[in-house]
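# Structural characterization, general
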Amino acid sequence: MEPEHLILLQKILVVLFCVALFWKIIKYMCGLLNIEKDPVTVLVTGQIGYALVPMIARGAMLGPDQPVILHMLDIEPAAEALKGVKMELIDAAFPLLRDVVATTDAVEACKGVNIAVMVGGFPRKEGMERKDVMSKNVSIYKAQASALEKHAAPDCKVLVVANPANTNALILKEFAPSIPEKNITCLTRLDHNRALGQISEKLNVHVSEVKNVIIWGNHFSTQYPDVNHATVKATNGGEKPVRELVANDNWLNTEFITTVQQRGAAIIKARKLSSALSAASAACDHIRDWVLGTPKGTWVSMGVYSDGSYGVQPGLIFSFPVTCEKGQWSIVQGLKIDEFSRGKMDATAKELVEEKSLAYSCLN
Ligand code: LMR
């Protein structure tokens, strides 16, 4: 290397070192002065909010140093119960909780919201057709989307949990056109976590040692839980493929898939109520990884707007493997898809196309 190049390199290194040092000093001083982050406003709609709001207020969603303001929205008949939840939140004296708004007014609820977790929706009741449920949800999501569109913060991130989650997210996108489509997602992390749980039970390893399962498609019984790229941490620090460790393709291609697909129904049967604790925890995981990033070498499943990756029709909200960085998700590209997986992915996409046309027929 020429001497002048060496001097230039030395100068660059000195400047970089000074910048890093300066940044560390600023962070240290902020710590000393106890300068805390601005609070983030999180909206939670609907009833499993009861399981979700304490997790948010404890920092499980946005981190242990992130103050939050909670907005809770519910329907008129639940107004009294909502007041009770607000009282409990105050009584819990959560250090990160800066304010609580409990309301039945969508406009008040959506004001200045940075993160919206849409848990409220109309559940299917006995004797109701799919189209009846869809048309109820279309009107709920139309009203809430318009309020978010007008009153939420411009960079608001939305997570739809209420079923049919993928299609409700699509309706919301339709009525909140100024929210970027990359900011509207639906929850399939619950299914992703269920798949991790099943593998961990089967192999008798800790769940944190299993990674990179994938949920493709709909958060519904056609979803495809895929372990073809999943691994388990090995004792030597490396990773071993789940398929090799389970060594039972028949189980992985049948019972494992149906167990994950039917887990929500099994919980409803056992509890006489749908999952709340695991759904709330998955909602926290989904937002935390989206905002704070996925660990290096790990992906998660999120229902996101399809750009045509893996041959999935663009314009569906479809669950893909994603990595997140600096508040943005990206679909993991280049994974090999075998014939069995292709068939399952096409089947769940077909169901979403049908749901989408049903939803649009309700809109019309
Ligand atoms: C779940 O997966 O637990 C729920 O989506 C099931 C349901 O229908 O509420």
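Residues numbered from 1 in each chain as written. Predicted model: local features only at pLDDT ≥ 70, side-chain atom pairs only at ≥ 80, totals over all residues. Heavy atoms only, no water.

Labelled according to an unreviewed UniProt entry, the protein appears under the name Malate dehydrogenase, originating from Corchorus capsularis. Looking at the Sequence similarities (unreviewed entry) heading of the UniProt record, one finds this comment for the protein: "Belongs to the LDH/MDH superfamily. MDH type 2 family." Reading the Catalytic activity (unreviewed entry) entry of the UniProt record for the protein gives the comment "(S)-malate + NAD(+) = oxaloacetate + NADH + H(+)". (UniProt positions renumbered as here; feature names shortened; annotations may be inferred.)

Taken together, the side chains of L6, L8, L9, I12, L13 and L16 present a nonpolar region at the surface, about 560 Å² in accessible area. Note that L16 resides in helix α1 (residues 3–33). Note on L16: relative accessible area 54%, which makes it exposed. (Patch = residues over 30% accessible without salt bridge, like charges linked within 9 Å, V, L, I, M, F, W, Y side chains within 5 Å. Areas by Shrake-Rupley, 256 points an atom, 1.4 Å probe, with all protein chains shown as cover. Salt bridge = Lys/Arg side-chain N within 4 Å of Asp/Glu carboxyl O. Helix = DSSP H or I, 4+ residues; strand = E, 2+ residues; numbered from the N terminus. Buried < 20%, exposed > 50% of the residue type's maximum accessible area, 1.4 Å probe, protein only.)

Here we have three strands laid out as an open sheet, ordered β7-β10-β11, and antiparallel in their pairing. Either end of the sheet is taken by a strand with one partner, and the two such strands are β7 (210–211) and β11 (239–241). Pairing geometry for β7 and strand β10 (residues 231–233), over two bridges, is antiparallel. Among the inter-strand pairings, K211 is bridged to a residue of β10, identified as T231. (Pairing = 2+ DSSP bridges.)

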